[in-house]
Amino acid sequence: MNRRELIKTISVLTGAALVGGELFLAGCRERNEPIFGEHDIAFFDEVAETILPRTNTPGAKDAEVGKFIALYASDCYNKMQQQTLRRGITQLNDASLKEFKATFVKLSAEQKNVLLTNVDKEAKDHSRNNTTSPHYFTLIKQLTLLGFFTSKPGATEVLRYLPLPGGYQGCIDYNGETAWS
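Residues numbered from 1 in each chain as written. Predicted model: local features only at pLDDT ≥ 70, side-chain atom pairs only at ≥ 80, totals over all residues. Heavy atoms only, no water.

## Quick look at the packing of helix α3 (residues 38-51) against helix α7 (residues 136-149)
To characterise two packed helices, one gives the angle between the axes of the helices and the distance between these axes. Stated formally: A fitted line through C-alpha atoms represents every axis, and for helices the fit uses only the stretch in contact; the resulting angles, taken between N-to-C directions, go from 0 to 180 degrees. Helix and strand assignments come from DSSP, with helices taken as H or I runs of at least 4 residues and strands as E runs of at least 2, each series counted from the N terminus. For classification purposes, an angle smaller than 35 degrees is called roughly parallel, one larger than 145 roughly antiparallel, one from 65 to 115 roughly perpendicular, and anything else oblique. Any pair of residues with heavy atoms lying within 4.5 Å of one another is described as a contacting pair. Gly counts as polar in this scheme, as do all residues outside two lists: the nonpolar Ala, Val, Leu, Ile, Met, Phe, Trp, Tyr, Cys and Pro, and the charged Asp, Glu, Lys and Arg.
The contact between α3 and α7 brings their axes to 10 Å, and the two run at 75 degrees. One finds that α3 runs roughly perpendicular with respect to α7. Across the interface between the two elements, F44, V47, A48 and I51 of α3 pack against F137, I140, K141 and T144 of α7. Here the residues of the contact of α3 with α7 are counted per class, giving six nonpolar, one polar and one charged.

Below you can see the structure in the form of structure tokens.
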């Protein structure tokens, strides 16, 4: 029995009327079909790890940024952005084959850095000259940073992290300042 059937059964048995039940059950609908496969996730991991490599702190692979990119793009990006990202995989591999005679995933760390530095310059030129569509590398960089710094390793081992910042001060004189959010 899935969650939707369980909620309907409970509501019928308890006599509860679901006004706007479809809105209530909207969270129970099936997820979007993933548009990126395991090979794409491995590709995103390699690109993200080149952007944020493991040093004395975790890298992008440690945070599983490739999975994040695939999931976020599938669920949150519009069709145009998804197609840009999909074409970007092909374009980056084509550039890798042209320059180094190997796909991006098979390059050495130094070769990956050289290639991504060139593609980053291309993306910056693209953003100066084209305001209608983003460059694929801009999307990948944004998702890499978002995925990494919102992950547990990124947030707790790289950023300054205090589970409970500051000490508790129960009695402070009010001086007319606005409240903290």
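## Some remarks on the environment of F44
Defined as follows: Note on exposure labels: buried denotes an accessible area under 20% of the residue type's maximum, exposed denotes more than 50%, and partly exposed covers the range between, all computed with a 1.4 Å probe on protein chains only.
Tracing the sequence through the fold places F44 in helix α3. Since its relative accessible area comes to 0%, F44 is described here as buried. Placed 99 residues apart in sequence, F44 and L143 show a C-alpha to C-alpha distance of 9.9 Å.

## Details of the confidence of the model for the chain
Stated formally: Residue-level confidence of the predictor is what pLDDT reports, using numbers from 0 through 100.
When pLDDT is averaged across the chain, the result is 84; 76% of the residues are at 70 or more. Throughout residues 16-24 the model reports pLDDT below 50, and contacts reaching past four residues in sequence, or to other chains, amount to five contacts.

## Quick look at the pattern of salt bridges
The condition that has to hold: Take a side-chain nitrogen of Lys or Arg and a carboxyl oxygen of Asp or Glu: if they are within 4 Å of each other, that pair is a salt bridge.
Overall, the coordinates contain eight salt bridges when judged by the stated rule. Measuring nitrogen to oxygen at the nearest pair gives 3.0 Å for the salt bridge that ties R86 to D40. Here R86, found in helix α5 (residues 79-100), pairs with D40, found in helix α3; they are 46 residues apart in sequence, far enough to count as distant. Two residues, E46 and K61, come together in a salt bridge whose shortest N-O distance is 2.5 Å. With E46 in helix α3 and K61 in the loop between α3 and α4 (65-76), this pair connects stretches of sequence that are 15 residues apart. When salt bridges with common partners are traced through the structure, they connect E46, K61 and K112 into a single cluster.

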